[in-house]
Amino acid sequence: DYKESERYVTYINGVFALQREDFEEAARLFESLSGFLNSEDMQAQAQGQTSSAVLEKDYQKASAYLEKGDYEQAERAFLALGDYKDSRQKAEQAKTAALDAVYDEAVRAQEANNLDKAKELFLSLGDYKDAKDRLSQLETSQKQQELMQRYQKAYNDFNFGNYSDAYVAFQALGDYNDSAKYAAYCYAMSLKIKGEYESAAAAFEDSGDFLDSAEQVLACRYKQATDLYGKGEYESAI
């Protein structure tokens, strides 16, 4: 404890702490000297180095996020670093990489015909690249797919002889494909099944040459004539 030996020892230990980059310890030691020699300047230096070390540590952590593809975490981490080094540019890089990842996933979903997922992803991208154009194409494609599925169901009802259901389904499809022609044909068949042969024949005539409409007209007229004959209404039958 001779003179200021202990304070010199503390000061030198502070210098050693700076040299081994233990900045927090160096700042503590210089602070304890209460202005001895240039300890205040040394304390400020150590504290500055501490801040830089923390920033560098956070920078490296953000860079690690970027390298492993955790782009959202990387963007947040770089933004938190403010103007440190190239953090702002790195944040923008991470943001772009994140958007690219979503875009690529959306394209894969589209190619796999997973339209709902692709639509959701492209919608989340807003104006990025051609996301809006692809979204519009998807909506058109999805609408066409839905129409095709509805058409197939109506056609199945038609093949199974469910003419009433098929008529309603084809009529709802409007001018899609040959839906209007099938709707007219199914309506005529429904009338025929109900025994309304005169109306059925007229409806088949309206169908023109679609499928066997011409033969169905003759079949309905013939059935109408035989019914009249069976009732003894010979003149009408003739």
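Up top is the structure these notes are about.
The following paragraphs examine the structure supplied in this document. This is a predicted model, so every value here is computed, not measured.

How each quantity is defined
Residues numbered from 1 in each chain as written. Predicted model: local features only at pLDDT ≥ 70, side-chain atom pairs only at ≥ 80, totals over all residues. Heavy atoms only, no water. Helix = DSSP H or I, 4+ residues; strand = E, 2+ residues; numbered from the N terminus. Contact = heavy atoms within 4.5 Å. Buried < 20%, exposed > 50% of the residue type's maximum accessible area, 1.4 Å probe, protein only. Arc of directions from axis to C-beta. Core = buried A, V, L, I, M, F, W, Y, C linked by side-chain atoms within 4.5 Å. Axes fitted to C-alpha atoms, helices over the stretch in contact; angles between N-to-C directions. Parallel < 35°, antiparallel > 145°, perpendicular 65-115°, else oblique. Left-handed = near helix turned anticlockwise from the far one by under 90°. Nonpolar A, V, L, I, M, F, W, Y, C, P; charged D, E, K, R; others polar. Phe/Tyr/Trp six-rings, centres within 6.5 Å; stacked < 30°, edge-to-face > 60°. Lys NZ or Arg CZ within 6 Å of the ring centre and 35° of its normal. Patch = residues over 30% accessible without salt bridge, like charges linked within 9 Å, V, L, I, M, F, W, Y side chains within 5 Å. Areas by Shrake-Rupley, 256 points an atom, 1.4 Å probe, with all protein chains shown as cover. Salt bridge = Lys/Arg side-chain N within 4 Å of Asp/Glu carboxyl O.

Right, let's talk about the side chain of Q43 for a bit. On the secondary structure map, Q43 appears in helix α3 (residues 39-67). Residues contacting Q43, with those up to four places away along its chain left out, are A27, F30 and E31.

The next point concerns helix α2 (residues 23-32). All of the buried residues along α2 are F23, A26, A27, L29 and F30. In a view along the axis of α2, the buried residues occupy a sector of 165 degrees, so they form one face of it. Trailing α2 by a residue or two, S34 shows a phi angle of about 50 degrees, which is positive.

Okay, the nonpolar core next. Ranked by internal contacts, the top residues of the largest apolar core, which has 24 residues, are F158, F170 and F204. Ranked by residue count, the leading element in this core is helix α9 (residues 179-193), at seven residues.

This part is about the packing of helix α4 (residues 71-80) against helix α5 (residues 87-111). Two numbers describe a pair of packed helices, the interaxial angle and the distance between the axes. Two elements in contact, α4 and α5, have axes whose closest approach is 8 Å; the angle formed by their N-to-C orientations is 160 degrees. Comparing the axis directions of α4 and α5 gives the class roughly antiparallel. Helix-helix and strand crossings are classified by hand; for α4 and α5 the assignment is left-handed. Residues Y71, A74, E75, F78 and L79 of α4 pack against S87, K90, A91, A94, K95, A97, A98 and A101 of α5. Class assignment of the residues belonging to the contact of α4 with α5 gives a composition of nine nonpolar, one polar and three charged.

A few words on unusual backbone geometry. Unusually for a residue other than glycine, S34 sits at a positive phi of about 50 degrees. Its location among the elements puts S34 in the loop between α2 and α3. The phi dihedral of K129 falls on the positive side, at around 50 degrees, and the residue is not glycine.

A separate point is the packing of aromatic side chains. Inspection of every chain in the model, using the stated rule, returns 19 aromatic pairs. Aromatic side chains Y11 and F30 sit 5.4 Å apart centroid to centroid with 70 degrees between the ring planes, which places their arrangement in the edge-to-face category. In this pair, Y11 is assigned in helix α1 (residues 5-19) and F30 in helix α2, connecting sequence segments 19 residues apart. In this pair, the class of Y11 matches that of F30, namely buried. A ring pair is formed by Y151 and Y176, whose centres lie 5.8 Å apart and whose planes are at 75 degrees; its orientation type is edge-to-face. Here Y151 is found in helix α7 (residues 131-159), whereas its partner Y176 is found in the loop between α8 (163-172) and α9, with 25 residues between them in sequence. Looking at Y176, the relative accessible area reads 18%, which means it is buried. Three or more aromatic residues joined by ring pairs make a cluster, and in this case those are Y151, Y155, F158, Y163, F170, Y176, Y182, Y185, F204 and F210. A cation over an aromatic ring shows up here: K85 above the ring of Y59, its NZ or CZ 5.0 Å from the ring centre. Note that K129 overlies the ring of Y103, its terminal NZ or CZ placed 4.8 Å from the centroid.

Within helix α6 (residues 115-124), the full set of buried residues consists of L115, A118, L121 and F122. In a view along the axis of α6, the buried residues occupy a sector of 130 degrees, so they form one face of it. Away from its buried face by more than 90 degrees, α6 exposes D116, E120, L123 and S124. Next to the buried residues of α6 lie α5 and α7. In the stretch just after α6, G126 is the one whose phi turns positive, near 60 degrees.

Time to look at a nonpolar patch on the surface. A contiguous nonpolar surface patch, about 390 Å² in accessible area, is contributed by Y8, I12, F16 and L37. Tracing the backbone shows F16 in helix α1. Classification of F16 as partly exposed rests on a relative accessible area of 44%.

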